[in-house]
Amino acid sequence: MNTSYEIAIIGGGVIGSSIAYHLAKQGQKVILLEKGSLAQGASSAAAGMLGAQSEEQESEAFFHLARKSRELFPLLATELKEYSGIDIGLVSKGTLKVALTVEQVKAYQKLISFHLRAGEQADWISENEARTMEPHLSDQILGGVYIEKDGHVQAPKLSLAFAKSAAVLGAVIREFAEVRSVLTQNGSIIGIETNEGRIDCERVVVATGTGRSDLLAQLGLSLPIFPVKGECFSVTTHAPLLQRTVFAEGCYLVPKAGGRLVVGATMVERSFERSVSVAGITSLLMEARRLVPAIANATWESAWAGLRPQTPDGLPYLGEAAGCKGLYVACGHFRNGILLSPITGEVMADLIAGKPPRVPIDAFRLDRTLAAANLQEKAVK
Ligand code: FAD
Ligand code: GLY
């Protein structure tokens, strides 16, 4: 077994797998280590929305990153299919962000102005227009914003396609390999210690999601990440109930291939367990029924939960650690890790190759000042 690589990536979720793919494409000698099965964490729980405009965002840097990442999906879907044979299920039919209250109507009209100023498309759709587009929408809808470019993918397939494509390009993928410590000498990375022994490497990328490891703390790096549990369920119908994603406050419905409809998701802060609660699913069902009453006649498929990796300021950590040469972090993608996975892979590969990242990532640097008020409350060691 080879025990020496240029780069070791810790975490086989969508973020670690995308970074492995982009580095392998550059011809780097990479190993990806996952403590369980690939994509066993949040990356399999995700609904797969590419919500660059539909998800709320206050940070301009984040909005820019999200839109850049969304742009990459059509070509990426083709490339990943060629390398891995996996179809990531990209659907580009847009998202309807619906308003149920007068306050939401006002807020969404402001949102449209913001998107138009940013050079993006976003159209106000009246109640009648919304129901012409999606006849199963209820008459409680007051209208909504139609966002043409916010599509969706099959999240677990995207993760696996990144990992398999990386392997086809020469990366080594190791499942059930837990990294227990990162080894340094004179302030530089020299390797990692795993449950299967030591691996020598010059660079390490930590992409462990909400992983409760002390890997960074051992190196004196404090980057708080706390879990926000999300529960989802899916149903099936003979004829699809929706063509487009319907996004509302408290609930979204994402139509997948084969008449599947994924409904998500709850937000349970500081929960490390992944059980599905009756209360969580009941609240989603009520919201979903309020939006699309015909869901009551659908056939139940399944329910699941996953842990979103949240940071105190809501922005991911992307960059190299000051004071430890060769240590990189790509964690904390919260509600948007699927959307942000292609651009994260690209910019991390740029950084590691010593090139300026193709998108500004200063706002995501590891040594930024985090919202101090949230730190004590939310940090999980
Ligand atoms: P993970 O997928 O959690 O992967 C981290 C991996 O690291 C895990 O597999 C873990 O086992 C491994 N690991 C941890 N420690 C170690 C170690 N010491 N050694 C080896 N391996 C280790 N995002 C979107 O863009 N669109 C959506 O529609 C969307 N919907 C969501 C719905 C729900 C219900 C949830 C929960 C999340 C959703 N997200 C969505 C968010 C998205 O899923 C996450 O942001 C993303 O999956 C994070 O990816 P990750 O690779 O950082 O983490
Ligand atoms: N982005 C959807 C979610 O996190 O639930």
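As a starting point, this report considers the structure included with it. The residue numbering used here restarts from 1 in each chain and proceeds along that chain's sequence as written. By the order in which they are written, chains take letters starting at A while ligands take numbers starting at 1. Reporting in this predicted model follows two pLDDT cut-offs: at least 70 for local features of residues, and 80 or more for side-chain atom pairs to be given and counted; totals over whole chains, interfaces and linings ignore these cut-offs and use all residues. Hydrogens and water are ignored here; the side-chain numbers use all heavy atoms of the structure.

## Topic: the overall build of the protein
Test applied: To qualify as a helix, a DSSP run of H or I must reach at least 4 residues; to qualify as a strand, a run of E must reach at least 2; elements of each kind are numbered from the N terminus. Restricting the calculation to C-alpha atoms gives the radius of gyration, and the globule rule supplies 2.2 Å times the number of residues raised to the power 0.38. Summary of the burial criterion: residues with accessible area below 20% of their type's maximum are buried, those above 50% are exposed, and those between are partly exposed, where the area comes from a 1.4 Å probe applied to protein chains only. In what follows, residue pairs with any heavy atoms lying within 4.5 Å of each other are defined as contacts. The Shrake-Rupley method, run with a 1.4 Å probe sphere, supplies the accessible areas, and residue values consider only the shown protein chains as cover. Here Asp and Glu are counted as negative and Lys and Arg as positive; His is not counted, and neither are the chain ends. Lysine's charge is taken at NZ, arginine's at CZ, aspartate's at CG and glutamate's at CD.
The number of helices and strands found in the protein is nine helices and 17 strands. For a compact globule of 381 residues, the expected C-alpha radius of gyration is about 21 Å, and the protein comes in at 21 Å, within 12% of that figure. On the principal axes, the C-alpha backbone points of the protein span a range of 65 × 40 × 40 Å. Within the protein, buried positions represent 55% of all 381 residues. At a minimum sequence separation of 6, the contacts of the protein that also span at least 24 residues come to 74%. For the protein, the exposed surface amounts to about 16200 Å²; the carbon and sulfur share of it is 50%. Looking at charge distribution, the protein has the averaged site of its 38 positive side-chain charges lying 1 Å from that of its 39 negative ones.

## Here we look at the packing of helix α1 (residues 14-25) against helix α8 (residues 337-352)
Heads up, the rule is: Note on definitions: angles span 0 to 180 degrees between N-to-C directions of axes, and those axes are lines fitted to C-alpha atoms, for helices only across the stretch in contact. Under this scheme an angle from 65 to 115 degrees is roughly perpendicular, one under 35 degrees roughly parallel, and one over 145 degrees roughly antiparallel; angles in between are oblique. The handedness criterion is simple: a crossing whose near helix is rotated anticlockwise from the far helix by less than a right angle is left-handed, and one whose near helix is rotated clockwise is right-handed. Here the nonpolar group is Ala, Val, Leu, Ile, Met, Phe, Trp, Tyr, Cys and Pro; Asp, Glu, Lys and Arg are the charged ones; every other residue, Gly included, is treated as polar.
Following both chains from N to C, one finds α1 and α8 inclined at 45°, their axes separated by 8 Å at the closest point. As summarised for this structure, α1 and α8 are arranged oblique, according to the angle between their axes. Note that α1 runs across α8; the crossing there is right-handed. Here α1 contributes V14, I15, S18, I19, H22 and L23 to the contact with α8, which in turn contributes G337, I338, S341, P342, T344, G345, E346, M348, A349 and I352. Among the residues forming the contact of α1 with α8, the class breakdown is nine nonpolar, six polar and one charged.

## Re the side chain of S138
Within the secondary structure, S138 sits in the loop between α5 (127-133) and β5 (143-147). Taking the relative accessible area as the measure of exposure, S138 reaches 6% and is therefore buried. Setting aside its immediate chain neighbours within four residues, S138 contacts R131, R290, L291 and P293.

## Quick notes on the site of ligand 1
Note the cut-off: One heavy atom within 4 Å of a molecule or strand is enough for the residue carrying it to be called near that molecule or strand. We call two N or O atoms a polar contact when they sit within 3.5 Å, provided that within protein one can donate a hydrogen and the other can accept it, with sequence-adjacent residues counted only if both atoms are side-chain atoms.
Of all residues adjacent to ligand 1, which total 41 residues, the nearest are E34, Q40, S43, M49 and F334. Between ligand 1 and the protein, one listed contact pairs an oxygen atom with a side-chain N or O atom of E34 at 2.7 Å. A42 places a polar main-chain atom, nitrogen or oxygen, 3.2 Å from an oxygen atom of ligand 1. For the shell around ligand 1, the secondary-structure elements that each account for two or more residues are α1, α2 (42-45), β10 (226-236), β15 (299-310) and α8. Considering each element in turn, the shell around ligand 1 owes the most residues, four residues, to β15. The residue inventory of the shell around ligand 1, partitioned by class, reads 21 nonpolar, 15 polar and five charged.

## Focus: the packing of helix α6 (residues 155-168) against α8
Packing of α6 against α8 leaves a shortest axis separation of 11 Å and a crossing angle of 20°. Between α6 and α8, the angle falls in the class roughly parallel. The handedness of the crossing between α6 and α8 comes out as left-handed. Contacts between α6 and α8 involve A155, L158 and F162 from the former and I338, S341 and P342 from the latter.

## Notes on the site of ligand 2
As a structural note, the neighbourhood of ligand 2 is formed by M49, E55, Y252, A265, R308 and R335. E55 places a side-chain nitrogen or oxygen 2.5 Å from a nitrogen atom of ligand 2. Side-chain polar atom of R308 to an oxygen atom of ligand 2: 2.7 Å apart, as the coordinates give it. In isolation ligand 2 has 200 Å² of accessible area, and contact with the protein removes 88% of it.

## Points about the pattern of salt bridges
Let me state the cut-off plainly: One speaks of a salt bridge when a side-chain nitrogen belonging to Lys or Arg is within 4 Å of a carboxyl oxygen belonging to Asp or Glu.
The tally for this structure, following the rule as stated, stands at 19 salt bridges. A salt bridge links R365 to D367, with the shortest nitrogen-to-oxygen separation between them at 3.0 Å. Through salt bridges with shared partners, a single ionic network connects R67, R70, E120, K149 and D150.

## Some details on the environment of T344
Within the secondary structure, T344 is located in helix α8. In this structure T344 comes out as buried when scored by relative accessible area, which is 0%. Taking the C-alpha atoms as reference, T344 lies 12 Å from G13; in sequence the two are 331 residues apart. In this structure T344 touches I15, I19, L318, A330 and H333, once residues within four positions along its chain are discounted.

## Some words on the nonpolar core
Quick reminder of the rule: Only buried residues count toward a nonpolar core. Its members are Ala, Val, Leu, Ile, Met, Phe, Trp, Tyr and Cys residues joined through side-chain atoms within 4.5 Å.
If you look at the biggest cluster of nonpolar residues, it comprises 48 residues, and the most contacted ones within it are I9 and L158. Broken down by element, the residue count for this core peaks at eight residues, all from α8. If we skip the residues at most four places from it in the chain, L158 touches V14, F73, L76, L80, I88, V153, I338 and S341. Y5, I199, L216 and C331 belong to the second-largest nonpolar core, a separate cluster that totals 26 residues.

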